[in-house]
Amino acid sequence: MNTVFHLGSSAMKPACRILFATRCPVPFRFVSTKCSHAGSMGSLSSFRFDHGRCLFHTNRCRAVNVGRAIDEVQSTFSLPGLGFGRSGNLLKLHEFNGNISHRRAIVVANAVRSLSTSVETRVNDNNFERIYVQGGMNVKPLVVERIDKDENIVGGEDSSIEVVDDKINLEKSKAGLNESNDVSVKREESQVEKEAWKLLQDAVVMYCGSPVGTMAANDPGDKQPLNYDQVFIRDFVPSALAFLLKGEGEIVRNFLLHTLQLQSWEKTVDCYSPGQGLMPASFKVRTVPLDENKVEEVLDPDFGESAIGRVAPVDSGLWWIILLRAYGKITGDYALQERVDVQTGIKLIMNLCLTDGFDMFPSLLVTDGSCMIDRRMGIHGHPLEIQALFYNALRCSREMLSVNDGSKNLVRAINNRLSALSFHIREYYWVDMRKINEIYRYKTEEYSTDATNKFNIYPDQIPLWLMDWIPENGGYLIGNLQPAHMDFRLFTLGNLWSIVSSLGTPKQNEAILNLIEAKWDDLIGHMPLKICYPALEHEDWRIITGSDPKNTPWSYHNGGSWPTLLWQFTLACIKMGRPELAEKAVALAEKRLSEDCWPEYYDTRTGRFTGKQSRLFQTWTIAGFLTSKMLLENPEMASNLFWEEDYELLEICVCALSKSGRRKCSRGAARSQILV
Ligand code: GLC
C-alpha cells in the first residue's frame with residue numbers, strides 16, 4: 001500500500017499532494033484524515049493520510065531526522081494516531097495509471113524538511129547550534145512541487161514545474177535564460193560539437209517525465225555498465241554547466257532539488273551510518289512494479305554502500321553547493337538558493353564538514369577514494385582535491401547563506417575555516433624550486449611551537465624525479481600533507497580548483513599555469529589532462545594501490561589522462577588571463593575525442609592510447625568538451641564560476657579572536673611572503 005500524505009497549502013493548488021513511501025514494518029494506522037488548521041497551521045490547510053504500501057530502496061533505515069520531522073508535524077498539527085514509525089523515509093512516487101495515460105509526481109522530502117521547525121544534526125552541540133528553520137511553516141514556503149505531464153509529452157519541451165509559494169515560474173526563467181544566457185548561438189557549431197550535443201541529450205535521465213541528470217556513460221555496446229548508467233553528482237557538474245550555458249536551466253534545477261531530497265536518506269554500511277548531510281555519489285531511477293499493471297519510478301541513491309570499495313563520496317556535497325551557486329549566477333534564479341529546504345541542505349553539508357574532531361589541521365580529513373579518484377590511490381588524509389573543493393564550497397556557502405540568528409555561528413565558523421584553510425594550504429602545500437630546496441635542507445626532530453619543519457618532514461622524502469622536473473618559474477600544490485609525509489605527486493583537479501577558488505595566492509595560481517605550460521608534454525601530451533603526475537610504479541604501485549589492475553602505471557587514476565579535466569583547466573586559464581593555453585588543449589582534444597568515441601580516460605605517459613578499461617561515450621568527457629568550448633567563446637560567463645582573492649579573509653585569524661589570548665599565533669612566524 002502506498003502511504004500517502006497529502007499536504008495542502010493556501011497558496012497551493014488543491015491537487016497538490018505530497019506522498020511518503022516507506023519500507024517500515026510499522027503498519028500505518030491513520031487513514032484518510034482531513035484537517036483544517038488554517039489558523040494555527042499557517043499555510044497548511046488540509047491533511048490526509050492513506051494506507052500505504054511501504055516502498056523503500058536502500059537498506060532498512062532508521063531515518064531519525066525524518067521521524068523527528070514527522071513527529072513535529074504530528075505534534076504541531078495535533079494529529080493523533082499518525083502511525084509513522086521511526087523507519088520512515090521519503091521518496092518521490094511516480095504513478096503510472098494503466099498504460100501510462102497519466103503521470104503525476106510530487107516531490108516529498110523537502111516538505112518534511114520545511115515543515116520541521118528544527119532539523120537536528122549530529123553535530124556536537126558545542127560546535128554550532130542546531131539548524132533551525134526559522135519560523136517553521138508560518139513564514140517560509142511549503143516546499144512542494146508538482147510535475148504534471150501529459151501522456152504524449154516525453155521531452156522537456158512542455159514540462160512545467162510549479163514551485164508553490166516560491167512563485168518561481170520556471171518557464172519564465174527558462175525564457176530569460178534563453179534570451180540572455182544562451183551562449184551557444186553566436187556561431188555555427190562544428191560537427192564534433194553537434195555530435196557532442198546529441199550525445200549529451202541522449203544521456204539525459206528522465207524521472208517522472210522530467211530531466212534530472214545525465215548518466216555517467218551511455219555506451220550502447222557496453223554489456224556491463226556497472227554503475228555507469230547512474231547519475232553521478234560530480235559527473236553531472238560539467239553537463240549542468242553545458243546546459244546552463246546553453247540556456248537550459250530546468251534539468252539543473254531538478255537535479256539540485258532531487259539530490260537535496262536524497263540527502264535526507266538514511267544510509268548504512270553494515271549497520272553504521274555516516275554523518276547526516278552526506279550527498280550520495282550517484283543515484284539511479286528505478287522502475288518498481290506496483291499492483292494492477294502499475295509501475296512507479298523511484299530514486300535510488302548510492303552513498304557508497306554499493307560502490308566498489310565502499311568509498312564515501314565526500315566531494316558530492318561540495319559539488320552540489322558549487323553547482324547551486326553556479327545555477328544562481330548563470331540563470332539569475334536566486335530564489336532557489338533562498339528556499340528554506342535549500343538553505344537547510346547547505347547547512348547540513350557545512351555542519352558535516354565543519355564538525356570538530358580530533359584533527360589538528362584545518363584541512364578535511366578523509367579516507368582514500370572519497371573524491372574523483374574513488375579507488376585506493378594513497379590519497380587518504382588531507383588530499384588537495386577535497387581541500388580545494390571544500391574551500392570553494394565554503395566560499396559559495398558564505399555567499400549563499402542567509403545570515404540570521406540561526407545561521408550566524410555557522411557563518412562565523414565558515415569564515416574562520418576559510419581563513420585557516422587558505423593559510424594552511426598556501427603555506428604548507430606549496431612547492432616550487434626554492435621551497436624544495438628549503439625542504440632539502442630541513443633540520444628534523446624539532447620540538448617547539450615555532451619549528452621550521454613543523455611536520456617533521458625528512459628531506460629524503462623528496463623524490464628524485466621532482467628535483468629534476470620542477471621548472472624554474474613554476475610550482476604547484478602537493479597532493480597531501482600529514483605528519484612526516486608530503487605526497488609530492490601533482491594532482492591536477494586540486495591545483496585547478498585552487499586557481500579557480502583563489503585558494504592559492506595570485507602568484508601561486510600564476511605559477512601553477514606556468515608549470516603546466518612548462519611541462520606540457522608530461523601533463524597534457526596527446527590528451528589533456530593527467531589526473532596526477534607521475535604514476536605510482538613497481539613496489540609503490542603494489543603497496544599503495546594494493547596491486548590494483550585497473551590503476552596500473554599511467555592508466556586510469558594512476559597517471560591516466562582525463563579529458564573531463566579540460567573544462568576546469570579552461571576555467572582556470574580564463575581566470576588567469578591565459579585562454580590561449582586552454583585553446584591549445586581544447587584543439588588537441590577536439591581532434592581525437594569524437595574519433596575515439598569520447599573515452600573516459602587515456603593511458604600511457606603521454607595519453608596516446610584509449611584507456612584499457614575506459615568507458616566510451618563518457619558523459620563528462622562530452623560535457624566537459626562542450627563547456628570548455630562555450631567558456632572560451634564567452635569568457636565573461638566564466639566569471640560566474642571563479643573567485644578572486646578575498647583580502648578580508650586574509651585578515652581573519654582565529655587566534656586574535658581568542659578571549660584568553662593565551663594562544664600564540666604562529667602565522668606571524670610563518671613564511672608570509674607567499675601569502676600575497
Ligand atoms: C569512476 C571515476 C569517478 C566517476 C565515475 C563515474 O568511478 O573514478 O570519478 O565519478 O567513474 O564516471
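Criteria and cut-off values
Residues numbered from 1 in each chain as written. Predicted model: local features only at pLDDT ≥ 70, side-chain atom pairs only at ≥ 80, totals over all residues. Heavy atoms only, no water. Helix = DSSP H or I, 4+ residues; strand = E, 2+ residues; numbered from the N terminus. Buried < 20%, exposed > 50% of the residue type's maximum accessible area, 1.4 Å probe, protein only. Contact = heavy atoms within 4.5 Å. Areas by Shrake-Rupley, 256 points an atom, 1.4 Å probe, with all protein chains shown as cover. Near = heavy atom within 4 Å. Polar contact = N/O pair within 3.5 Å; in protein donor to acceptor, adjacent residues only side chain to side chain. Patch = residues over 30% accessible without salt bridge, like charges linked within 9 Å, V, L, I, M, F, W, Y side chains within 5 Å. Salt bridge = Lys/Arg side-chain N within 4 Å of Asp/Glu carboxyl O. Axes fitted to C-alpha atoms, helices over the stretch in contact; angles between N-to-C directions. Parallel < 35°, antiparallel > 145°, perpendicular 65-115°, else oblique. Core = buried A, V, L, I, M, F, W, Y, C linked by side-chain atoms within 4.5 Å.

(A) Molecular detail of the overall build of the chain. Across its full length, the chain carries 24 helices and 21 strands. Expressed as a percentage of the 676 residues in the chain, the buried residues total 64%. Contacts in the chain between residues far apart in sequence, at least 24 positions, make up 73% of those at least 6 positions apart. Accessible surface computed for the chain: about 26,100 Å², of which carbon and sulfur atoms make up 52%.

(B) Up close: the site of the ligand. Around the ligand sit Ala216, Tyr228, Phe232, Arg234, Asp235, Met372, Asp374, Tyr556, His557, Glu600, Gln618 and Trp620, and those are all the residues in its vicinity. In this structure, an oxygen atom belonging to the ligand sits 2.5 Å away from a side-chain N or O atom of Asp235. Between an oxygen atom of the ligand and a main-chain N or O atom of Met372, the distance comes to 2.7 Å. If the ligand stood free it would expose 310 Å²; the protein chains cover 95% of that surface.

(C) Just a nonpolar patch on the surface, in detail. Residues Tyr440, Leu464 and Met467 make up a contiguous nonpolar surface patch of roughly 350 Å² in combined accessible area. Among the secondary structure elements, Met467 is positioned in helix H14 (residues 464-469).

(D) Representation of the packing of helix H6 (residues 233-246) against helix H7 (residues 250-262) within the structure. Here H6 crosses H7 at 150°, and the two axes come no closer than 9 Å. Considering the angle they form, H6 stands roughly antiparallel to H7. Listed contacts from H7 to Ile233, Phe236, Ala240, Phe243 and Leu244 of H6 are Ile251, Val252, Phe255 and Thr259.

(E) Highlighting the nonpolar core. Judged by nonpolar contacts, the single largest core of 161 residues is most densely connected at Trp320, Tyr476, Trp497 and Phe569. What Trp497 contacts, discounting residues up to four positions off in sequence, is Trp319, Ile322, Ala388, Leu389, Asn392, Trp567, Gln568 and Leu571.

(F) Representation of the environment of Gln461 in the model. When you line up the elements, Gln461 lands in the loop between helix H13 (433-440) and H14. With residues near it in sequence (within four places) discarded, Gln461 still touches Ala484, His485, Met486 and Phe488. One polar contact links the side chain of Gln461 to the main-chain amide nitrogen of Met486, over a distance of 3.0 Å.

By themselves, these figures tell us nothing about what the structure is for.
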